[in-house]
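A look at the structure
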Amino acid sequence: LPVMAIFGIPRALFGPGLLTDPRVWFCVGFVVLFAAALAVAGARDVLRWTLLVTATPVIAFSLTVGGTDVPVLALICLGLALLWQHPRPLLAGAVLGIAAATKATAWPALVVAGTMVLVRDGRRTAARFSATAVVVACAIIVPVALLGMHALVDNTILFPLGLASVKSAAVSPLPGHVLADTGHTGHLIAVSLLGLAGLGVLVSLVVQPPRTVPAATWRLIIGLVLMFTLAPATRFGYFMYPLGLWAWL
């Protein structure tokens, strides 16, 4: 999505080089945002924990081979942190709106966080949080969508479902991909299971909504694990999201 392009601007303007490599800026973005997420949540030894998490294979390997998901994870953590000790729903909504305009993998976080704010803080606060997130995300995405709606649909909807003309070279033999590889019927089964998993998470949010940030984070972790396991076009690297959220907690 559009925000992701920012990390490629140095290379586009000044050509290939160490300081223009997008992975360098993915790393800088993660370190700054993840440290902020720890600090806002009241963690001790913010610098030490940030360096430790960044150096783990889960983050370091992702940064080495690409790193596009790393800043999205940090934005999600920061958005949740802003709803924890001293809730700032408007700022949290803006941060999660930016995350949603960076990659679609952040969209479930908006739903889970919005549910928690609704049951914990009331309808008015939830409306302000949701409106801020949607307005920020739309302000970034809509102008780009108007210029290239086909590309936007290809990247955010068709590609994750394995329906785009371009297939990912990084897919992993997870259940959803294995099913999709068996043919049209298997692909339909995989998409159906993915839809049922998403519906199950939504039902759980209605029946037993999370009332604290840790509870919301765990619900998000469960939802992401199901989504990445059953999606037709997925890879092991996406499990960085649930692992990263757990490490932040």
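Residues numbered from 1 in each chain as written. Predicted model: local features only at pLDDT ≥ 70, side-chain atom pairs only at ≥ 80, totals over all residues. Heavy atoms only, no water.

**A word on the packing of aromatic side chains**
Using the criterion set out here, one finds six aromatic pairs in the structure. Centre to centre, the rings of F30 and F34 are 5.0 Å apart; their planes meet at 20°, and the pair counts as stacked. Here the residue F30 and the residue F34 both occupy positions in helix α2 (residues 22-40), the gap between them amounting to four residues, near one helical turn. Like F34, F30 is buried. Seen from their ring centres, W84 and W248 are 5.6 Å apart, and the 65° between their planes marks the pair as edge-to-face. Placement of W84 in the loop between α5 (70-81) and α6 (89-100) and of W248 in helix α13 (residues 240-248) is noted, with a sequence separation of 164 residues between them. Grouped by ring-pair contacts, the aromatic residues F228, Y238, F239 and Y241 constitute a single cluster. (Phe/Tyr/Trp six-rings, centres within 6.5 Å; stacked < 30°, edge-to-face > 60°. Helix = DSSP H or I, 4+ residues; strand = E, 2+ residues; numbered from the N terminus. Buried < 20%, exposed > 50% of the residue type's maximum accessible area, 1.4 Å probe, protein only.)

**Quick notes on the nonpolar core**
Counting 51 residues, the largest nonpolar core has I76, Y241, L245 and W248 as its most contacted members. In terms of residue count, the dominant contributor to this core is α5 (10 residues). By size, the runner-up hydrophobic cluster in this structure holds five residues, among which are V3, A101, A145 and L152. (Core = buried A, V, L, I, M, F, W, Y, C linked by side-chain atoms within 4.5 Å.)

**What to know about helix α3 (residues 46-55)**
All buried positions along α3 are accounted for by V46, T50, V53 and T54. The arc that holds the buried residues of α3, viewed along the axis, is 100°, so those residues lie on one side. For α3, the exposed residues lying more than 90 degrees away from the buried face are R48 and A55. Looking at the packing, one finds that the buried side of α3 touches α2, α4 (57-65) and α13. (Arc of directions from axis to C-beta. Contact = heavy atoms within 4.5 Å.)

**Describing a nonpolar patch on the surface**
Among the surface-exposed residues, V111, I189, L193, L196, L199, L202, V203, V206 and V207 lie close enough to one another that they form a single nonpolar patch of about 820 Å² accessible area. When residues of the nonpolar patch are assigned to their parent elements, the largest contribution, eight residues, is made by helix α11 (residues 184-207). With respect to the secondary-structure elements, V206 resides in helix α11. (Patch = residues over 30% accessible without salt bridge, like charges linked within 9 Å, V, L, I, M, F, W, Y side chains within 5 Å. Areas by Shrake-Rupley, 256 points an atom, 1.4 Å probe, with all protein chains shown as cover. Salt bridge = Lys/Arg side-chain N within 4 Å of Asp/Glu carboxyl O.)

**A closer look at the packing of helix α7 (residues 107-121) against helix α12 (residues 213-230)**
Between two packed helices, the angle of one axis relative to the other and the distance separating the axes together describe the packing. Two elements in contact, α7 and α12, have axes whose closest approach is 10 Å; the angle formed by their N-to-C orientations is 150°. Viewed along their axes, α7 and α12 adopt a mutual orientation that is roughly antiparallel. Here α7 and α12 pass one another in a crossing that is right-handed. Residue-level inspection shows P108, A109, V112, M116 and R120 of α7 in contact with α12, the latter providing V213, A216, R219, L220, L224 and M227. For the contact of α7 with α12, the residue count by class is nine nonpolar, no polar and two charged. (Axes fitted to C-alpha atoms, helices over the stretch in contact; angles between N-to-C directions. Parallel < 35°, antiparallel > 145°, perpendicular 65-115°, else oblique. Left-handed = near helix turned anticlockwise from the far one by under 90°. Nonpolar A, V, L, I, M, F, W, Y, C, P; charged D, E, K, R; others polar.)

**Focus on helix α9 (residues 149-158)**
Structural remark: α-helix, 3.6 residues per turn; residues separated by three or four positions point the same way. Considered for burial, the residues of α9 that qualify are L152, D154 and T156. Along the long axis of α9, the arc covered by the buried residues comes to 165°, so they all point the same way.

**Brief notes about the environment of V40**
When you line up the elements, V40 lands in helix α2. You can call V40 partly exposed: its relative accessible area is 23%. Sequence separation between V40 and L78 is 38 residues; the distance between their C-alpha atoms is 7.7 Å.

**A look at the pattern of salt bridges**
Pairing between side chains of opposite charge can happen when the charged atoms of each approach one another. This structure, assessed with the given rule, holds three salt bridges. Its salt-bridge partner being D69, residue K103 comes within 2.8 Å of it at the nearest N-O pair. In this pair, K103 sits in the loop between α6 and α7 while D69 sits in the loop between α4 and α5, placing the two residues 34 residues apart along the sequence. Of the two residues, K103 and D69, neither departs from the other in class, the shared state being buried. In this structure, R120 engages D121 in a salt bridge whose closest nitrogen and oxygen atoms are separated by 3.0 Å. Judged by its relative accessible area of 26%, R120 falls in the partly exposed class. A relative accessible area of 31% means that D121 is categorised as partly exposed.

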